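Okay, here's what each chain looks like letter by letter:
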Amino acid sequence: MSTTTLAVLVPLLPFLGAVAGLLTGRNAPGFVRPLAILPTLGAAVLAVLVAVRQGGGPAISTATELTPTGSVPIDLSLYVDGFAALVAVLVGVVATCVQVYSTAYLREDPRYPSYAALVSLFTSAMLLVVYSGDLMVLLVGWEVMGICSYFLVGHYWETEAARSASLKAFLVTKLGDVPFLIGLFALATDAGSFRITKILDTVAAGGLDHPTVIALLLLAGVAGKSAQFPLHTWLPDAMAGPTPVSALIHAATMVAAGVYFIARLLPVFAASAAALVVMAVMAAVTMVGSALAALAQDDIKRVLAYSTIGQLAYMTGALAVGDRAAAVFHLISHGAFKALLFLGAGVIIHAAGTNSLAAMSRMDGLSKRIPDAFWTMTVALLALAAIPPFAGFFSKEAVLVAAEQTATGHSDFAPAAAGWLVLAAGVLTALLTAAYATRLWLMAFRGRGASAPDHGREPLAMTGVLWLLAVPTLGLGLAAGPVGDWFDGQELSPTLVTSVLGTGAAVIGVMLTYALWQRATVKAAAAPAAGPARAAAAAEEPAAVAAAVSAATAAAESAAETPEVAEVTHDHPAVPAGPAADPGKALLGPLHRHAADGFHLDAVYDRLFVRPVRAAARLVTFLDREVVDTYVRGAGTGTRLLGGLVRRAQTGNVQSYLSALLAGAVVLAIATAVLANVNAGS
């Protein structure tokens, strides 16, 4: 079988599995799990074969005209280079792990058949984006992912949180898709084709008439899909969906699509220095802001969501300085360890009965109850913190090396200002990332208080997947050399300067967070034992501290009652009372309250956009009801009155009709005589 045929089958198999699952889910429930796992597993195996055959050599490209348009043609095109081959392997492996994991995690969910089918369709759409060589076909996969995310995030649609989160994710990403679509049309108009190869040839020949406008329009769509500032606010709220969905969306599919799109069309963005600077600013603001927000979150999944936003900003920063190999390398590395983190978080939620870190910090022995999740998440958090020799260290160092090369003038791809911006923000974010990764590990696995509930070993379908993902999390960075051919033959090894900067910042973040956690633990342990002395000192204690304690307790109670927790946990243990040992509060200080609320961006958008739109809608409603409807009602009322008058004349009495006829004839005769006399006198 040819490589082209294998590549066509990769997105086709999950699609067929999704269709079959939707058609047979109700009538033949025994086929649901095989139809969920086997097509996705087959796609993953075929993606590996395609990657091996492609071997980092010349791109595999083929096309056939899909439909005549009369102007710019639309082709059913395949384009598989080294980047596409590796990203497809990542998508297939992570999607297979998610499907296997979900069989145990959602085993009691009555909507599992539709869920599994949507996950397969989601996987097929992302694989279509990865392999497509035509932008309009790519757009189909892009939009199918959007509608699938709407349904999957809103899986627990009975709750207001899930409904609002799914609608928010859909609308915010569509807000970016509008300029994105305009940019695609403008790009195709300048290039005369939607084919990626022809577009790149046009760019190389200097044939783009409006490169800056096109790049900025496309960047808006990427910001929405890959959750970059200012269109990132939908991603933390998307945690209302099931945890395996988070692993799929946030690791290897939807949010990676925007970064992958820029990597595919990087010469288009490189044609405008202004667009690269805007991209660098967007990346810098996003990575620092998201890392600060992650330090203040109580929900373990929201910590990982903000972490995803920050890691995507690293990839965007690498693209802003012109290194798509570093960006895609970090995309693949991040996809492995972030999928592991989300699926590990699902095991923690499954065992602890809550997704609140504050509640977990008041449980003792949780790491002993779930040793598989403890060890694999420890590996994944070390990779997230970019500690050598884990995968995250090598991929993040590749980004910092690219920024350093641009900043010091060794690369003229982008302005030096973009390089310095990405480098400074990257080092600062490395410190913050290590801090919130350490905070998550300490609060989840080093809690003190009541014993964590013991439900025995977690299902093999959940723990086995964690160990499988731990392999690339641990060894992918070491494999950067052997797979260099798939990255344009580029060397991705770290340099001494960036290693010292990045690792030094990470170590500082770890040590600082650990020291503050120890101090917070002592204070939390002393608080219940203070007794009467605590009451005496209450007058001197700042009100903000008491408010923070009550807010943490309320957050823990709320997290313990989320629909996912009710669905997947064994029981509902009581949330332990008392203050939580949270080093994030000491690290952020007065920023903590603002960071916990995402720096109030939702409130800003509400005032700038939501409220004016609603006010305009109310004005339109008033004008429609009170002005337009008044004219409509007036026209109807006038006609009705005229009809009433005419109806009164229709009595059915013949004598009345003759009398009226005679009177009319007399009136006409008199009028005729008068007019005749007037005319004669003139």
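Residues numbered from 1 in each chain as written. Predicted model: local features only at pLDDT ≥ 70, side-chain atom pairs only at ≥ 80, totals over all residues. Heavy atoms only, no water.

1. Some thoughts on the overall build of the protein
1) Next: Counting its regular elements, the protein contains 29 helices and 4 strands.
2) Next: Dimensions of the protein, computed from the C-alpha atoms along their principal axes, are close to 120 × 75 × 60 Å.
3) Next: The burial tally for the protein puts 53% of its 682 residues in the buried class.
4) Next: Long-range pairs, those at least 24 residues apart, make up 82% of the contacts in the protein with a sequence separation of at least 6.
5) Next: Of the roughly 28100 Å² that the protein leaves accessible, carbon and sulfur atoms contribute 68%.
6) Next: Considering the protein, the positive charge centre built from 38 side chains and the negative charge centre built from 41 side chains are found 8 Å apart. (Helix = DSSP H or I, 4+ residues; strand = E, 2+ residues; numbered from the N terminus. Buried < 20%, exposed > 50% of the residue type's maximum accessible area, 1.4 Å probe, protein only. Contact = heavy atoms within 4.5 Å. Areas by Shrake-Rupley, 256 points an atom, 1.4 Å probe, with all protein chains shown as cover. Lys, Arg positive; Asp, Glu negative; His and termini not counted. Charge placed at Lys NZ, Arg CZ, Asp CG, Glu CD.)

2. Describing the packing of aromatic side chains
For any pair of aromatic rings, the description rests on two quantities: the centre-to-centre distance and the angle between the ring planes.
1) Next: Scanning the model with the defined rule gives 14 aromatic pairs in all.
2) Next: Seen in terms of ring centroids, Tyr605 and Phe609 are 6.1 Å apart; in terms of plane orientation they differ by 50 degrees. Their pairing is tilted. With Tyr605 and Phe609 both in helix α28 (residues 601–649), this residue pair falls 4 residues apart, about one helical turn.
3) Next: Members of the aromatic cluster, joined through ring pairs, are Phe374, Trp375, Trp441 and Phe445.
4) Next: Cation over ring: Arg33 sits above Tyr112, and NZ or CZ is 4.8 Å from the ring centre. (Phe/Tyr/Trp six-rings, centres within 6.5 Å; stacked < 30°, edge-to-face > 60°. Lys NZ or Arg CZ within 6 Å of the ring centre and 35° of its normal.)

3. Examining the layout of surface pockets
1) Next: By volume, the second largest pocket amounts to about 640 Å³.
2) Next: What lines the second largest pocket is a set of 16 residues, and nearest its centre among them are Lys168, Val172, Tyr605, Phe609 and Val610.
3) Next: Listed by contribution, the elements that provide at least two residues to the lining of the second largest pocket are α6 (160–191) and α28.
4) Next: Among the elements that make up the lining of the second largest pocket, the one with the highest residue count is α28 (7 residues).
5) Next: Here the lining of the second largest pocket is built from residues that sort into 10 nonpolar, 2 polar and 4 charged. (1 Å grid on protein atoms, 1.4 Å probe; cavity = no way out; pocket = protein on both sides within 12 Å on 5 of 7 lines; lining within 4 Å. Points joined across faces, edges and corners; volume = space filled by probe spheres on them. Nonpolar A, V, L, I, M, F, W, Y, C, P; charged D, E, K, R; others polar.)

4. As for empty space enclosed by the protein
Take a probe with the size of a water molecule and roll it over the atoms, and the empty space left behind shows itself.
1) Next: Taken as a whole, this structure holds 2 cavities of 30 Å³ or more when the rule is applied.
2) Next: For the largest cavity, the calculated volume is near 40 Å³.
3) Next: In terms of lining residues, the largest cavity is bounded by Gly17, Ala18, Gly21, Val32, Leu35, Ala36, Pro113, Ala116, Ala117 and Ser120.
4) Next: Those elements that place two or more of their residues in the lining of the largest cavity are α1 (3–24), α2 (32–54) and α4 (112–131).
5) Next: Here the element with the most residues in the lining of the largest cavity is α4; it accounts for 4 residues.
6) Next: Per-class residue counts for the lining of the largest cavity are 7 nonpolar, 3 polar and no charged.
7) Next: In this model, the second largest cavity occupies a volume close to 40 Å³.
8) Next: Contributing to the lining of the second largest cavity are Val347, Arg369, Ile370, Pro371, Asp372, Ala373, Arg457, Glu458 and Thr463.
9) Next: The element contributing the most residues to the lining of the second largest cavity is helix α18 (residues 371–384), with 3 residues.

5. Re the pairing of strand β2 (residues 74–80)
1) Next: Burial analysis of β2 places 6 of its 7 residues in the buried class, the great majority of the element.
2) Next: Bridge analysis of strand β1 (residues 60–67) against β2 gives 7 bridges, and the strand direction is antiparallel. Bridge assignment links Ser61 to a residue of β2, and that residue is Tyr79.
3) Next: Counted between consecutive antiparallel strands, the loop separating β1 from β2 contains 6 residues, among which Gly70 sits at a positive phi close to 90 degrees. (Pairing = 2+ DSSP bridges.)

6. Quick notes on the environment of Tyr105
1) Next: Position of Tyr105 among the secondary structure elements: in helix α3 (residues 82–105).
2) Next: Distance in space between the C-alpha atoms of Tyr105 and His350 is 8.0 Å, their sequence separation being 245 residues.

7. With respect to the packing of helix α14 (residues 300–320) against helix α20 (residues 416–445)
1) Next: Where α14 meets α20, the axes come as close as 11 Å, and the angle between the chain directions of the two elements is 160 degrees. Between α14 and α20, the angle is such that the two are roughly antiparallel. For the pair α14 and α20, the sense of crossing is left-handed. Here α14 contributes Ile300, Val303, Leu304, Ser307, Gln311, Tyr314 and Gly317 to the contact with α20, which in turn contributes Val422, Gly426, Thr429, Ala430, Thr433, Tyr436, Arg439 and Leu440. (Axes fitted to C-alpha atoms, helices over the stretch in contact; angles between N-to-C directions. Parallel < 35°, antiparallel > 145°, perpendicular 65-115°, else oblique. Left-handed = near helix turned anticlockwise from the far one by under 90°.)

8. Looking at the nonpolar core
1) Next: Of all hydrophobic cores here, the largest spans 201 residues; its most connected members are Tyr131, Phe261, Val268 and Phe269.
2) Next: In terms of residue count, the dominant contributor to this core is helix α15 (residues 324–352) (19 residues).
3) Next: Residues in contact with Phe261, not counting those within four places in the same chain, are Leu135, Leu138, Trp142, Phe180, Leu184, Leu218, Val222 and Phe269.
4) Next: By size, the runner-up hydrophobic cluster in this structure holds 5 residues, among which are Leu442, Trp517, Ala520 and Ala581. (Core = buried A, V, L, I, M, F, W, Y, C linked by side-chain atoms within 4.5 Å.)

9. Comments concerning α6
1) Next: Here α6 contains 32 residues, and its C-alpha end-to-end distance of 46 Å stays within 8% of the 46 Å for a straight helix at 1.5 Å per residue.
2) Next: The largest bend along α6 reaches roughly 25 degrees and is located at Asp177, with the proline Pro179 sitting one to four residues downstream.
3) Next: Backbone geometry just after α6 places Gly192 at a positive phi near 75 degrees. (Expected span 1.5 Å × (residues − 1). Bend = angle between axes of the 7 residues up to and from the residue.)

10. Thoughts on unusual backbone geometry
1) Next: With an omega of 10 degrees, the peptide bond running from Phe229 to Pro230 counts as cis.
2) Next: Looking at where Pro230 falls in the secondary structure, it is placed in the loop between α8 (211–225) and α9 (234–237).
3) Next: Here Pro388 and Pro389 are connected by a cis peptide whose omega angle stands at 10 degrees.
4) Next: Secondary-structure assignment places Pro389 in the loop between α18 and α19 (391–407).
5) Next: The phi torsion at Ala227 lies on the positive side, around 55 degrees, for a residue other than glycine.
6) Next: On the basis of relative accessible area, Ala227 is assigned to the buried category, the value being 0%.
7) Next: One non-glycine residue, Ala386, lies in positive phi territory at about 65 degrees.
8) Next: Along the chain, the position of Ala386 falls in the loop between α18 and α19.
9) Next: Residue Ala386 is classed as buried on the basis of its relative accessible area, which comes to 6%.

11. Looking at the state of the cysteines
1) Next: Tallying each qualifying case throughout the model produces 0 disulfides.
2) Next: In this structure Cys97 is a free cysteine whose sulfur lies 20 Å from that of Cys148, the closest cysteine sulfur available.
3) Next: What makes Cys97 buried here is its relative accessible area of 3%. (Disulfide = S-S within 2.5 Å.)

12. Comments concerning a nonpolar patch on the surface
1) Next: A cluster of nonpolar side chains, namely Leu619, Phe622, Leu623, Val627, Val628, Tyr631 and Val632, defines an oily patch on the protein surface of about 700 Å² accessible area.
2) Next: If you trace the backbone, Leu623 turns up in helix α28.
3) Next: On the basis of relative accessibility, which here comes to 39%, the residue Leu623 falls in the partly exposed class. (Patch = residues over 30% accessible without salt bridge, like charges linked within 9 Å, V, L, I, M, F, W, Y side chains within 5 Å. Salt bridge = Lys/Arg side-chain N within 4 Å of Asp/Glu carboxyl O.)

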